[in-house]
Amino acid sequence: MPHASDPSNEEPPYEPHEREPVYYAEQALLGALLLRPEHLSQTDGLQNDAFSHPAHGALFAAMRTVRAPGLPRPPDGLDWLRAVLEEARQEAPALTAAHLHLLISACPRPEHAGAYAAIVRSGHARRSIRIHAEALAQAAQDVTVPDRPVHVLAAADALARHLDTLSRTVPTHPGSLPRTPLPPPPVSPQDDETEDQERMLLASAVSGPASVGQMRWLAPEDFTDPLHAGLWQCVSALAHRGEPLDPVTVMWEAQHRGLLATGVTAADLVVLLSTAALPPEHWGIQIVERALLARARQTAGRITAYAEDPANTVHQLITGGRRALADLTAVRRRWQQATRPLAEPDAPVTSRAGPASRAPAVSPPTARPAAVRAATGRTP
């Protein structure tokens, strides 16, 4: 007859080998409340979804239900434990009396329930910030929505509001910037469409220089090709100085800025800057819009890195998150400046400008970009 297994060698329920530190604070808090239900008064503002484990959230909700105001006489002792278990099983049927005893044994000091509750709140804040950052990253990569910038900025606004809400409950302290090593910024794709947009912008700006002075919302860092970024600086500098603007003058300015030393020839630049189609604002809006989406992805990765670093406090996460969102806001303002002239005259322009606030998507003639690629020695 086989011997029964030794209960002392069995794994306790709901207790895998690896748990995050906040899990043990959840156990200690629930154990403290099971022993001393009067300490529920120290958990004001704590919600059921603040617990990382669903069974823990169900137990906490059951405690608040059983001890809800208006009951004739709150149960105590074993009656309290039975009432909590019966209520919690409605949401978590697998809960057992043995697990309640496990929670009680995991509580070092029931009188420290307030400190355990603060740790649980911090763990929930970290998870919620990471969830909002992941939502921002997903929005920046979603190509199925009709207006991607509006979709991305809505996710960024939701993250900013969440940080504001958390800041009202988290005490501030000096020296709170995160020290987390940041991941490298995502590499912007340099496909044919992107290359063509940047080249057509440069050529259109040279052929229609009157618009260049009104396009201060377009920055060199919005370009994916360093050569194009440098050429835009050349075009902007000539326009700012009021000097003649054509392919030859831009080529000469490029030489002074060292761009010809990068491998491109003077003939390549003249050909590149001589092929124009559509107004430069059309191409500029597409470029700054792409830069907005790229910065949103970078912001989401930065905040996610902060949230995944356990050394950061919640206040550091809030401060670092706001700093990252400020960098996104800088691109957002330039995108708004780019789209504002194309909005309806009587319609107020906000950060959620609709599709009508931007130039219609017009595909460039395919023959001209191909000719430019051949002239500059670039192949698909």
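Residues numbered from 1 in each chain as written. Predicted model: local features only at pLDDT ≥ 70, side-chain atom pairs only at ≥ 80, totals over all residues. Heavy atoms only, no water.

### So, the nonpolar core
Core analysis: the largest hydrophobic core is formed by 61 residues, its most contacted members being Leu136, Leu201, Leu218, Leu231, Trp232, Val235 and Val250. Listing elements by their share of this core, those giving two or more residues are helix 5 (113-141), helix 6 (148-167), helix 7 (192-207), helix 8 (226-241), helix 9 (247-256), helix 10 (266-272), helix 11 (280-308) and helix 12 (314-339). Among the elements that line this core, the one with the most residues is helix 11, at 11 residues. In contact with Val235, not counting residues within four places along its chain, are Ala205, Val206, Val212, Leu245 and Val250. (Core = buried A, V, L, I, M, F, W, Y, C linked by side-chain atoms within 4.5 Å. Buried < 20%, exposed > 50% of the residue type's maximum accessible area, 1.4 Å probe, protein only. Helix = DSSP H or I, 4+ residues; strand = E, 2+ residues; numbered from the N terminus. Contact = heavy atoms within 4.5 Å.)

### Considerations on the environment of Val270
Relative to the helices and strands, Val270 is located in helix 10. Sequence separation of Val270 and Val248 is 22 residues, and the distance between their C-alpha atoms is 6.4 Å. For Val270, the contacting residues outside a window of four places in its chain are Pro247 and Met251.

### Some details on the environment of Ala92
One can find Ala92 in the loop between helix 3 (77-88) and helix 4 (97-105). Linking Ala92 and Pro54, residues 38 residues apart in sequence, is a C-alpha distance of 7.7 Å. Those residues in contact with Ala92, other than ones at most four positions away along the chain, are Ala55 and Ala58.

### Some remarks on helix 2 (residues 54-66)
Here helix 2 contains 13 residues, and its C-alpha end-to-end distance of 18 Å stays within 8% of the 18 Å for a straight helix at 1.5 Å per residue. Contacts from the buried residues of helix 2 go to helix 1 (21-35), helix 3 and helix 4. (Expected span 1.5 Å × (residues − 1).)

### A look at the packing of aromatic side chains
Tallied over the full model, the rule gives three aromatic pairs. Geometrically, the ring pair formed by Tyr23 and Tyr24 is edge-to-face, given 5.8 Å between the ring centres and 90° between the ring planes. Summarising the aromatic geometry, the rings of Phe223 and Trp232 are spaced 6.3 Å apart at their centres and angled 35° between planes, so their arrangement reads as tilted. Judged by relative accessible area, which is 8%, Phe223 ranks as buried. On the basis of relative accessibility, which here comes to 2%, the residue Trp232 falls in the buried class. The side chain of Arg19 reaches across the aromatic face of Tyr23, ending 4.1 Å from its centre. A cation sits over an aromatic face here: Arg67 above Trp80, 5.6 Å from the ring centre. (Phe/Tyr/Trp six-rings, centres within 6.5 Å; stacked < 30°, edge-to-face > 60°. Lys NZ or Arg CZ within 6 Å of the ring centre and 35° of its normal.)

### A short note on the packing of helix 5 against helix 11
At their nearest, the axes of helix 5 and helix 11 sit 8 Å apart, and the two run at 160° to each other. In terms of orientation, helix 5 and helix 11 fall into the roughly antiparallel class. Note on packing geometry: the crossing formed by helix 5 with helix 11 is left-handed. Where helix 5 abuts helix 11, its residues Arg126, Ile129, Arg130, Ala133, Glu134, Leu136, Ala137, Ala140 and Gln141 lie against Leu293, Ala296, Arg297, Thr299, Ala300, Ile303, Thr304, Tyr306, Ala307 and Glu308. (Axes fitted to C-alpha atoms, helices over the stretch in contact; angles between N-to-C directions. Parallel < 35°, antiparallel > 145°, perpendicular 65-115°, else oblique. Left-handed = near helix turned anticlockwise from the far one by under 90°.)

### Some remarks on the packing of helix 6 against helix 11
One way to put it is that helix 6 packs onto helix 11 with a least axis distance of 10 Å and a crossing angle of 30°. Our classification of the angle between helix 6 and helix 11 gives roughly parallel. By crossing handedness, the relation of helix 6 to helix 11 is classed as left-handed. When helix 6 is examined against helix 11, the residues Arg148, Pro149, Val152, Leu153 and Leu159 are found in contact with a partner set consisting of Glu289, Leu292, Leu293, Ala296 and Ile303. The class makeup of the residues in the contact of helix 6 with helix 11 is eight nonpolar, no polar and two charged. (Nonpolar A, V, L, I, M, F, W, Y, C, P; charged D, E, K, R; others polar.)

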